[in-house]
Amino acid sequence: MDIKGRSIVSIRDFPKEDIEAIVNKALEVKSGKWKGALEGKVLATLFFEPSTRTRLSFESAMVSMGGQIIGFADANVSSAKKGESLADTIQTVMGYCDVIAMRHPVEGAARLASEVSTVPVINAGDGANQHPTQTFLDLATIKEEFGRLDGLRIGMLGDLKYGRTVHSLAKALSWFDTKQIFIAPPSLRMPENTLTQLRQSTAQYEEIADVSELKSEMDVLYVTRIQKERFADFQEYERVAGAYRIDKSMFEILGQKCRIMHPLPRVDEIAEELDATENAIYFRQAHNGIPTRQALLGLVTGAIQ
Ligand code: NCD
């Protein structure tokens with residue numbers, strides 16, 4: 001796999017071999033190899049949308065491997081506020097850094113940025129579209145937990161319509177011999193374009209409306225919050241708010257060993273009583289953002305091979 005100089009915009013740009021190689025690289029970085037590899041590199045984090053984990057883990061990944069960071073966490077303090085176009089911002093910032101990580105509310109913004117940039121652009125979330133680095137860290141967490149990405153039953157629960165993490169994850173998992181079960185209220189189903197891509201692959205998937213309809217136990221349940229900020233109609237949001245919540249009693253259906261994942265932030269969809277159980281791996285998942293983003297930053301800048 002050689003992704004030096006490449007942008008990371010959509011998980012669809014990565015064939016199965018690359019996905020496997022990146023996940024393995026993330027776990028290799030986690031094991032302590034490549035210390036200091038990002039020395040002399042500068043990352044710009046351009047966040048036009050709120051973030052805690054993604055931005056801080058990109059920044060921590062960079063500085064803890066010897067690199068430097070510049071950037072902004074709020075579009076209101078950037079020249080976007082003065083009316084500067086995204087293309088102009090990118091063409092300026094690319095002269096200040098070796099790699100850009102960008103989050104933007106508009107779908108396709110990362111693609112546009114990658115087309116004008118001479119340095120790699122990493123999509124840290126573009127609207128409800130994609131969040132590929134989250135998927136790499138999700139897959140690294142699954143691989144770490146089970147030792148494989150094949151032969152698993154993975155449920156995705158919640159806002160599958162607006163949740164970009166599940167769009168990227170479902171597409172990545174379609175390369176693997178893994179059954180995906182999409183669990184969402186009818187108005188929050190996985191979008192048709194994702195389902196079409198899955199149908200064109202060898203992926204197996206099933207759609208149900210509620211956890212109680214599960215017919216067999218799950219290896220992983222990937223829970224998501226309702227993406228309140230993406231609803232055009234507040235009443236539509238109110239109709240689905242609080243529609244699902246995972247608590248300990250659900251393990252009777254999910255299976256006692258089912259791992260619970262969540263990209264976080266959590267609102268109220270996972271009871272806090274789960275946090276201390278062995279099933280809950282969401283905080284470890286969030287921490288895997290560091291080695292995964294170190295691997296990605298190293299690979300695209302050529303600092304890691
Ligand atoms: C997710 C996002 O921003 O898409 N958060 C994250 O990056 N871990 C999920 C969310 O906001 O619900």
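Summary of the structure given here. Keep in mind the model is a prediction, meaning the values are calculated, not measured.

## Focus: the site of the ligand
And step 1. All residues in the neighbourhood of the ligand are listed as T54, R103, H131, Q134, R164, T165, R225, Q227, P263, L264 and P265.
And step 2. Here a nitrogen atom of the ligand and a backbone polar atom of P263 are 2.8 Å apart.
And step 3. Considered class by class, the residues forming the shell around the ligand number three nonpolar, five polar and three charged.

## What about the pattern of salt bridges?
And step 1. As enumerated under the stated definition, the model contains 18 salt bridges in all.
And step 2. In this structure, D13 and R111 form a salt bridge, with 3.3 Å as the shortest nitrogen-oxygen distance. On the criterion of sequence distance, the pair formed by D13 in the segment before α1 (16–30) and R111 in helix α4 (residues 109–116) is long-range, its members being 98 residues apart.
And step 3. A relative accessible area of 30% means that D13 is categorised as partly exposed.

## Details of the environment of A209
And step 1. By the secondary structure assignment, A209 is in the loop between β7 (204–208) and β8 (220–223).
And step 2. In sequence terms A209 and F231 are 22 residues apart; their C-alpha atoms lie 20 Å from each other.
And step 3. Look past the residues within four positions of A209 in its chain and what remains in contact with it is I183, A184 and P185.

## A closer look at helix α5 (residues 132–146)
And step 1. For α5, built from 15 residues, the straight-helix expectation of 21 Å at 1.5 Å per residue is met to within 8% by its first-to-last C-alpha distance of 21 Å.
And step 2. Where burial is concerned, most of α5 is hidden: 12 out of the 15 residues are buried.
And step 3. Those residues of α5 that sit buried are P132, T133, Q134, T135, F136, L137, D138, L139, A140, T141, I142 and F146.
And step 4. The first or second residue beyond α5 is G147, which carries a positive phi of 80°.

Reading the values: the criteria
- Throughout this description, residue numbers start from 1 for each chain and increase along the sequence as written.
- Side-chain atom pairs in this predicted model are given and counted only at pLDDT of 80 or more, local residue features only at pLDDT of at least 70, and totals for whole chains, interfaces and linings cover all residues.
- Calculation of side-chain values draws on the structure's entire complement of heavy atoms; hydrogens and water are dropped beforehand.
- Here a residue counts as near a molecule or strand whenever at least one of its heavy atoms sits within 4 Å of it.
- Within 3.5 Å is the distance limit for a polar contact, defined as a pair of N or O atoms, with the added protein rule that one can donate a hydrogen and the other accept it, and that residues adjacent in sequence qualify only through two side-chain atoms.
- Each residue is assigned to one of three groups, with Ala, Val, Leu, Ile, Met, Phe, Trp, Tyr, Cys and Pro labelled nonpolar, Asp, Glu, Lys and Arg labelled charged, and all others, Gly among them, labelled polar.
- Between Lys or Arg on one side and Asp or Glu on the other, a salt bridge is scored when a side-chain nitrogen of the former is within 4 Å of a carboxyl oxygen of the latter.
- For helices the rule is a DSSP run of H or I covering at least 4 residues; for strands it is a run of E covering at least 2, with both sets numbered from the N terminus onward.
- The rule is simple: take the accessible area with a 1.4 Å probe, protein chains only, and divide by the maximum for that residue type; under 20% is buried, over 50% is exposed, in between is partly exposed.
- Residue contacts are counted whenever heavy atoms from the two residues lie within 4.5 Å of one another.
- Helix span is expected to be 1.5 Å times the residue number reduced by one.

Purely geometric numbers; function is a separate question.
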